[in-house]
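Analysis of the macromolecular model
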Amino acid sequence: MLVLMAILMVTAPTIIYEENITLPQGSKTKTLQQVKSIEVSMDKKGVIHFMKEKFDKLSFPDRFLLKTQALDKRIPVYIRADERLPYRDVMFLLKTVKEAGFSKVSLVTDG
């Protein structure tokens, strides 16, 4: 029994499972469009930078909502924040962007 188990353990990783699938054909005439993205950042003093403008925490949610109404909500949004900021400030930015309707939101880190 032990020999059969050893043989099974040696041969099991070599068994290849094959799934037959039909992949869709892409168009060769269309070129890829450059993906736009939005970047929101907060410095160590708590000043929020968005679209070359500066905002304080109180006015940012309303201003962000107004400035992004015409944008596609599938555009990726990148949030940068100083590492010395409290966690609640970074989560405030994340919550504000999510409440504006953006679904692809990422926190940028150095590393």
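Check the entry above for the structure.
1. A closer look at the side chain of Asp89
Here Asp89 shows up in helix α3 (residues 87–99). Among all residues touching Asp89, those that are not within four sequence positions of it are Met42 and Lys57.

2. Comments concerning the sheet that holds strand β5 (residues 105–107)
Two modes of strand pairing occur in sheets, parallel and antiparallel, and in both the strands are linked by backbone hydrogen bonds. One open sheet accounts for 5 strands, arranged β3-β2-β1-β4-β5; its pairing is mixed. Either end of the sheet is taken by a strand with one partner, and the two such strands are β3 (53–55) and β5. On average, each strand axis in the sheet is inclined to that of its neighbour by 25°, with strand direction left out of account. Pairing geometry for strand β4 (residues 77–81) and β5, over 3 bridges, is parallel. Across the sheet, residue Ile79 finds its bridge partner in β5, namely Leu107. Contacts between helix α2 (residues 60–67) and the sheet are confined to β1 (38–42), β2 (48–50) and β3, with β3 contributing the most and set at about 145° to the helix.

3. Things to note about the pattern of salt bridges
If you walk through the whole model with that rule in mind, you get 6 salt bridges. Among the ionic pairs, Arg63 bridges to Glu53, the shortest N-O distance being 3.8 Å. Residue Arg63 is located in helix α2, and its partner Glu53 is located in strand β3; the two are separated by 10 residues in the primary sequence. You can call Arg63 partly exposed: its relative accessible area is 35%. The closest approach of N and O atoms between Lys57 and Asp89, which form a salt bridge, is 2.7 Å. Residue Lys57 is found in the loop between β3 and α2, and its partner Asp89 is found in helix α3; the two are separated by 32 residues along the sequence. Since its relative accessible area comes to 10%, Asp89 is described here as buried. Each of Glu53, Arg63 and Lys67 takes part in one network of salt bridges that share partners.

4. Details of the environment of Asp110
Mapping Asp110 onto the fold places it in the segment after β5. In this structure the C-alpha to C-alpha distance between Asp110 and Arg80, which are 30 residues apart in sequence, comes to 9.7 Å.

5. What about the pairing of β1?
Extensive coverage of β1 is indicated by the burial of 4 of its 5 residues. Relative to β4, β1 runs parallel, the two being bridged by 5 bridges. Residue pairing for β4: Val40 is matched across the bridge by Ile79. Direction of pairing for β1 relative to β2: antiparallel, over a ladder of 3 bridges. Looking across to β2, one finds that Ser41 is bridged to His49. In textbook terms, the turn of a hairpin is the stretch between consecutive antiparallel strands, and for β1 and β2 this stretch comprises 5 residues, one of which, Gly46, has a positive phi near 90°.

Criteria and cut-off values
Residues numbered from 1 in each chain as written. Predicted model: local features only at pLDDT ≥ 70, side-chain atom pairs only at ≥ 80, totals over all residues. Heavy atoms only, no water. Helix = DSSP H or I, 4+ residues; strand = E, 2+ residues; numbered from the N terminus. Contact = heavy atoms within 4.5 Å. Pairing = 2+ DSSP bridges. Axes fitted to C-alpha atoms, helices over the stretch in contact; angles between N-to-C directions. Salt bridge = Lys/Arg side-chain N within 4 Å of Asp/Glu carboxyl O. Buried < 20%, exposed > 50% of the residue type's maximum accessible area, 1.4 Å probe, protein only.

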